[in-house]
Amino acid sequence: MKKLIISLIISAILFGCVGNNTLKNTNSKPLANGEKMDLSWQVGWAKTSTEAPSEFVPAKVPGSVQIDIAKAKKIPSYHFGTNADLYQWMEDMHYTYKTTFNKPTLNKNQRLFINGKGVDYKYQILVNGKKVYEHEGMFKGFQIDITEVLNIGENTLEVKIEPAPKAFPDKKFGFHGYRANASKSAKPPVSYGWDWHPRLIPLGIWDEFSVEARDVSNITYAALTYKMSDDLKVAHLKLNLEGNNIKDCTYSWELTDKDGKCAMQQNGTILDNCIVIDEGAFNNPNLWWTHDHGTPYLYTWNLTLFTADGKKLQTISEKIGFRKIRLVMNEGEWKRKTNTNRVNQCNKTPMQIELNGKQIFAKGSNWVNPEVFFSELDRKRYQPLIDMAVEVNFNIFRIWGGAIVNKDSFFDLCNEKGILVWQEFPLACNYYPDDEQYVKVLEDEARAVVKRVRKNPCVAMWCGGNELFNNWSKMSPQSIPLRMLNAVCLELDPETPFNYTSPLIGIGHGHYKFRPDEKYDVMTEFALNDMVAYTEFGVNGAASVDAIKRCIPKNELFPLKETPSWVAHFGTGFWGDGWIFLSDLERYVGKIKSLEEMVENSQFMQAQGYKALFEEARRQKPHCSMAINWDYNEAWTVAAGNALVEYPATRKPAFYTVKDSCRPVAISAKFNSIIWKSKDEMPIEVWLLNDTFEKVNSGDIEIFVRNAGIETKIGEVKGKTTDVNRNVKLGNIVAKLPNFKGKRFEIILKSKTNPKFNSTYGFIVNK
């Protein structure tokens, strides 16, 4: 009896301890499947992997360690002056993200998962000190079941991130050479320093990250893929599924149109945990088009997972658009004569986009990361930039290989707005070696990228990276990383074209200033070229006075000289007037006497230069099929550059001239100079540009000069009708210019019957 009493007392004590501990530490509550826990994060840093951080500061997730530390330590903004230098020590630290949470109440069929879309860059995830995952690469997500390593009560979750990878950590580089340190990682090389971008290498949990409850049977990946028939009347659908314990579960799948009406429905049993299910033929789909050629039509597909006995477990919903896209040989290329009759030669690269059986002229820009720290990107940040692309009449973005593969919300917006995406992998201007470990990491990342991105109808092309066959990179089609990327894209997304790099034969990169040399400027240079595509070209231009004042100290603003802040916000290594090219500017407009005068003249010349380049590229259609300038946007506050949109999302004057030049139908004039004297005879070549799928009549064209508010007619040409998706030359005149007043004048082309085709060009008076 005594033993029994003692036993009961001990049990009571133990029960009481456990009970009190549970009440004190767990505060556990049930979580519904798909529900996420609220987490509060901190981040700490240390010089080595073996020492613990001596200090932690509050952290935002998604976020970047540099932003968190700068906020906590009151480090001034990297946008101003040379403050970016104050952040560079952070690239060599070891980081620990830390949070705690109480184990939730889980039923017998529930599991707790860590779900993440990306951590930058090489990291381990630990729960209660136990490593549950490790990875090298920032683009591959993860879904980790941590149920078995949880404590009753409080649990600790840590993400340990290594310093930024460097291929040559002990080697000293000049400014542009720093990018070589990215040559053995799948990390965007732009972060290591570029002419328009500071050396700031992000690290951190840069994309979505959560701890959430799931049923023991759960789908971890779902994608609806298809192959369009040649006549575009049938889409052959396949449902790609991966999951945990989904074998023998049932599913219901439905496709609805934009009005929510059911267009197709299927039910079935899942036969394996990783499976591709043939869902059959979807007949007569509404096609997805770019916004300038039709409607970017999107359907919605909904997937519901059930247990074998019909209990609802999980739902997934995504958009899909149906289109067929190819890169075909540009018109006339196969018949084009080569430089010799004695040997056979390859023709140029096929760069004509064929969308839904129709050839379109690709008008667009090189998209660079809109923020230095990629964690700051979301739909709200992307949307104004993509809305502006529609406004400026662009139908394509080239996602430059020096930067990131964007977050899902970027692709969602391009799908909705009807903008094509040329997607490059994160390789640029480096020699990426045939190194087994590097190729393994790159392949792992590439597979994750393709599987995530391929579902988007906006994706027009995969590309290995930027300028990889140029003499500063020295790669070739035999380079193992590029052969691997081609193989991955062919396996996972065979219906989407692939190019190794840009430029290739017949594709033009450059130039990037108004006056490339003593003999030619942008008014004449493109006319000397014969490219199938111009995928990088630019005209330098100053930022607004307000932007310059946001990044350049007051005592350095004017006169312009090579101060550290101007160099940092121009592009080191390109000084010699930097992106401003002051001596070229003064060649046209005379001595610059103020910052405001410099900005106004520089932006005027950038605007007129871009107008000339875009229209010349269009006039070379059908042999030329693309005009994609460098570049569209900026990653931080700059003093000058080639962008059409100033950071963060402000239209520069060049935006409006490019908008005019890229209208689907426009009257276009070709000039051979931007500067003219009174009484000069000006040759003018007049065209009608038509990128629509209809015939267009220009109407007769009258040509006017406007100066000091007065318009004077100086000529006219007879109108003509274009064929479908064709340009037509309307004629040539030589106009006698009047006496000028002031510093500027304009030439205006007016259609007598179609004023919406009218065009205006600005010029400088040569005194």
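Refer to the structure above for everything that follows.
Criteria and cut-off values
- Residues numbered from 1 in each chain as written.
- Predicted model: local features only at pLDDT ≥ 70, side-chain atom pairs only at ≥ 80, totals over all residues.
- Heavy atoms only, no water.
- Salt bridge = Lys/Arg side-chain N within 4 Å of Asp/Glu carboxyl O.
- Helix = DSSP H or I, 4+ residues; strand = E, 2+ residues; numbered from the N terminus.
- Buried < 20%, exposed > 50% of the residue type's maximum accessible area, 1.4 Å probe, protein only.
- Core = buried A, V, L, I, M, F, W, Y, C linked by side-chain atoms within 4.5 Å.
- Contact = heavy atoms within 4.5 Å.
- Axes fitted to C-alpha atoms, helices over the stretch in contact; angles between N-to-C directions.
- Parallel < 35°, antiparallel > 145°, perpendicular 65-115°, else oblique.
- Left-handed = near helix turned anticlockwise from the far one by under 90°.
- Nonpolar A, V, L, I, M, F, W, Y, C, P; charged D, E, K, R; others polar.
- Phe/Tyr/Trp six-rings, centres within 6.5 Å; stacked < 30°, edge-to-face > 60°.
- Lys NZ or Arg CZ within 6 Å of the ring centre and 35° of its normal.

Draft legend 1. Examining the pattern of salt bridges more closely. Tallied over the full model, the rule gives 46 salt bridges. Of the charged contacts in the structure, one is a salt bridge between arginine 447 and glutamate 443, with a shortest N-O distance of 3.3 Å. Of this pair, arginine 447 and glutamate 443 both sit in helix α5 (residues 436-453), four residues apart, which is roughly one turn of the helix. With relative accessibility at 26%, the residue arginine 447 sits in the partly exposed group. For glutamate 616, the salt bridge is made with arginine 619, and the minimal N-O distance between the two is 2.8 Å. Linking glutamate 616 with arginine 619, this pair stays in helix α10 (residues 595-619), spanning three residues, or about one helical turn.

Draft legend 2. Structural context of the nonpolar core. Counting residues in hydrophobic clusters, the biggest one holds 175 residues, and the most contacted among them are Ile684 and Ile747. Excluding residues within four positions of it along the chain, isoleucine 747 makes contact with Phe671, Met682, Ile684, Ile703, Phe704, Val705, Ile714, Leu737, Ser759, Thr760, Tyr761 and Phe763. Among the nonpolar cores identified, the runner-up in size contains 58 residues, and Trp41, Ile161, Val372 and Ala635 belong to it.

Draft legend 3. Molecular detail of the packing of α5 against helix α6 (residues 480-492). Orientation of α5 relative to α6, taken along the N-to-C sense of each, is 30°, at an axis distance of 10 Å. Between α5 and α6, the interaxial angle falls into the category roughly parallel. Once α5 is placed against α6, the crossing between them reads as right-handed. The residues of α6 that touch α5, namely those facing Tyr438, Val439, Leu442, Glu443, Ala446, Arg447, Val450 and Lys451, are Ile480, Pro481, Met484, Leu485, Val488, Cys489, Glu491 and Leu492. Classifying every residue of the contact of α5 with α6 gives twelve nonpolar, no polar and four charged.

Draft legend 4. The side chain of glutamine 608, seen in detail. With respect to the helices and strands, glutamine 608 occurs in helix α10. With relative accessibility at 10%, the residue glutamine 608 sits in the buried group. Once you skip the residues sitting within four places of it in the chain, glutamine 608 turns out to touch Thr657, Ile674, Tyr761 and Gly762.

Draft legend 5. Structural context of the packing of aromatic side chains. If you walk through the whole model with that rule in mind, you get 47 aromatic pairs. Ring centres of tryptophan 45 and tryptophan 89 lie 6.4 Å apart, and the angle between their planes is 55°; this geometry places the pair in the tilted category. With a gap of 44 residues between them, tryptophan 45 in strand β1 (residues 41-46) and tryptophan 89 in the loop between α2 (65-73) and β3 (94-102) connect regions that are remote in the sequence. A relative accessible area of 13% places tryptophan 45 in the buried class. The interplanar angle of 75° and the centroid separation of 4.8 Å between the aromatic rings of phenylalanine 671 and phenylalanine 763 together place this pair among those described as edge-to-face. Here phenylalanine 671 is found in the loop between β32 (665-670) and β33 (675-676), whereas its partner phenylalanine 763 is found in strand β41 (residues 759-765), with 92 residues between them in sequence. Just as phenylalanine 671 is buried, phenylalanine 763 falls in that class too. Taken together, Trp367, Tyr382, Phe394, Phe397, Phe410, Phe411, Phe526, Tyr534, Phe537, Tyr610, Phe614 and Tyr632 form an aromatic cluster joined through their ring pairs. Directly above the aromatic system of tyrosine 178 lies the positively charged group of arginine 199, at a separation of 4.2 Å from the ring centroid. Between arginine 744 and the ring centre of phenylalanine 604, over which it is positioned, the NZ or CZ distance is 3.8 Å.

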